[in-house]
Amino acid sequence: MRTGKGSGEGSAELLIEGVAKRFGDVVALDHVSLQVAQGELLTILGPSGSGKTTLLKVVAGFETPDAGRVTVGGADITSLPPARRDIGMVFQNYALFPHLSVKANVAFPLEMRNVGKAEIDRRVGEALAMVELAGYEARLPKQLSGGQQQRVALARAIVFNPRLLLLDEPFGALDRKLRETMQLEVRRLQRRLGLTTIFITHDQEEALVLSDRIAVMNKGAIQQIATTTEIYERPANDFVADFVGESNILHGTMSAPGLVALPDGRKLMVDSEAAPGARVGVLMRPERFAPGGINEFTGEIVEAVYLGTSFKLRLACEGGQELLVRQPARGPLPAAGTTITVGIDPEAIHVF
Ligand code: ATP
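So, a few notes on the structure that sits alongside this text.

Criteria and cut-off values
Residues numbered from 1 in each chain as written. Predicted model: local features only at pLDDT ≥ 70, side-chain atom pairs only at ≥ 80, totals over all residues. Heavy atoms only, no water. Core = buried A, V, L, I, M, F, W, Y, C linked by side-chain atoms within 4.5 Å. Buried < 20%, exposed > 50% of the residue type's maximum accessible area, 1.4 Å probe, protein only. Helix = DSSP H or I, 4+ residues; strand = E, 2+ residues; numbered from the N terminus. Contact = heavy atoms within 4.5 Å. 1 Å grid on protein atoms, 1.4 Å probe; cavity = no way out; pocket = protein on both sides within 12 Å on 5 of 7 lines; lining within 4 Å. Points joined across faces, edges and corners; volume = space filled by probe spheres on them. Nonpolar A, V, L, I, M, F, W, Y, C, P; charged D, E, K, R; others polar. Pairing = 2+ DSSP bridges. Axes fitted to C-alpha atoms, helices over the stretch in contact; angles between N-to-C directions. Near = heavy atom within 4 Å. Polar contact = N/O pair within 3.5 Å; in protein donor to acceptor, adjacent residues only side chain to side chain. Areas by Shrake-Rupley, 256 points an atom, 1.4 Å probe, with all protein chains shown as cover. Phe/Tyr/Trp six-rings, centres within 6.5 Å; stacked < 30°, edge-to-face > 60°.

## Section: the nonpolar core
Right, on to step 1. Counting residues in each nonpolar core, the largest one holds 32 residues, and the members touching the most others are Val-106, Val-124, Leu-128, Val-131, Val-152, Leu-154 and Leu-167.
Right, on to step 2. Those elements giving two or more residues to this core turn out to be helix 2 (102-112), helix 3 (117-130), helix 4 (146-158), strand 7 (164-168) and helix 5 (176-193).
Right, on to step 3. Take this core: its biggest share by element is six residues, from helix 4.
Right, on to step 4. Every residue in contact with Leu-128, bar those within four places of it in the chain, is listed here: Val-102, Val-106, Leu-133, Ala-134, Glu-137 and Ala-155.
Right, on to step 5. Judged by nonpolar contacts, the second largest core, of 26 residues, contains Leu-55, Val-70, Leu-164 and Ile-200.

Structural data, given as structure tokens:
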């Protein structure tokens, strides 16, 4: 595991230390540690079953960890009941009270905290304005669209000014366009309120758009925690490189400084200080290839897809290597069967 820049060390608002959780034989969390700085939005990104929800439940107090602890602002909350944790939450399946109006739904956390009626009216009004639902107070959840329901859930999660905001795939059920709108809205709101936030998703694009940092999880363990650019440009291992973005991953051995020998005998020039003899992984993002240049690959196009702004080409190269290449969509789509040569600069290759 690697910890990236901007990890907020020293100003950690949320600290998760060595948290482990098993369900029978299943290791859901394998001693997970991470910290989230005050006002930071950290995304936990991972495939289904990687332990994301379990980790969030431990933070929220719905699961008791077998080992480890959770502190917020320096106070240990590991055995505090959920209601006393001062955490706002939004889940994928709206979970609004169906028989209560929008106003009553948003007022609920304040009533639980015995806030006075005038104050409730004021704060509910503010929260609904923030999610752009002023005027919808009297409606029932079933009279709202999916996106509007999620906005009510968001208003309910922030209305009591929580110390932490936890979002578990909140836009999973929404269509793509609405999802993108909601992502930007959440980001704006989270920044404006300076809310320390954990956002869970299995969608890498969503993670890249939203986050200050991303923690990539697999099989109950964190693979890498870093800023969005670092995760994309300098993944720590095969799993991260493959899970985030499209990739070409090769393996080889450093044969000399700045030179990787691939199993098929060819050599790649790279910008790396790995010592000769080291076994390395090589990541080449499809969009970093250009016609000609250093590190040439010649191959036959076996698949060509038009994607609006770019062409996505699958090449079968000499030596059996398959390569995914993206090129700006200019002119006609190259035909399958055509042989082309592309190159990639040493600086565009990430060695891990
Ligand atoms: P998804 O994206 O599908 O929600 P996830 O990354 O959130 O997945 P978790 O829900 O945390 O994953 O589950 C992690 C592992 O723990 C899975 O193998 C799951 O089957 C198991 N698990 C989670 N909760 C329980 C439970 N209450 N009882 C038994 N096994 C569980």
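## A look at the layout of surface pockets
Right, on to step 1. Empty space within the largest pocket amounts to approximately 530 Å³.
Right, on to step 2. Taken together, 20 residues make up the lining of the largest pocket; nearest its centre are Ile-87, Met-89, Phe-108, Pro-109 and Phe-160.
Right, on to step 3. Counting residues per element, the lining of the largest pocket draws most heavily on strand 6 (residues 87-91), which supplies five residues.
Right, on to step 4. Considering only residue class, the lining of the largest pocket consists of 16 nonpolar, one polar and three charged.

## Quick word on the sheet that holds strand 12 (residues 259-261)
Right, on to step 1. The strand order 13-12-11-14-20 describes an open sheet built from five strands, whose pairing is antiparallel. Either end of the sheet is taken by a strand with one partner, and the two such strands are strand 13 (267-269) and strand 20 (349-351). Adjacent strand axes in the sheet meet at a mean angle of 40 degrees, parallel and antiparallel pairs treated alike.
Right, on to step 2. As paired strands, strand 14 (residues 279-284) and strand 20 are joined by three bridges and run antiparallel to one another. Bridging from a neighbouring strand, Leu-283 pairs with His-350 of strand 20.

## A word on the site of the ligand
Right, on to step 1. Every residue lining the ligand is accounted for by Phe-23, Val-26, Ala-28, Pro-47, Ser-48, Gly-49, Ser-50, Gly-51, Lys-52, Thr-53 and Thr-54.
Right, on to step 2. Note that an oxygen atom of the ligand is positioned 2.7 Å from one of the backbone N or O atoms of Gly-49.
Right, on to step 3. Thr-53 is positioned with one of its side-chain polar atoms (N or O) 2.8 Å from an oxygen atom of the ligand.
Right, on to step 4. Relative to its free-state accessible area of 640 Å², the ligand is covered by the protein chains to the extent of 59%.
Right, on to step 5. Of all the secondary structure elements, the ones that give two or more residues to the shell around the ligand are strand 2 (26-37) and helix 1 (52-60).

## With respect to the packing of aromatic side chains
Right, on to step 1. Under the criterion given, the structure shown has five aromatic pairs.
Right, on to step 2. Judged by centre distance (6.0 Å) and plane angle (50 degrees), the ring pair of Phe-171 and Phe-199 falls under tilted. Of this pair, Phe-171 sits in the loop between strand 7 and helix 5 while Phe-199 sits in strand 8 (residues 196-201), placing them 28 residues apart in sequence.
Right, on to step 3. For Phe-171, a relative accessible area of 3% puts it in the buried group.
Right, on to step 4. According to the relative accessible area criterion, Phe-199 is buried, its value standing at 0%.

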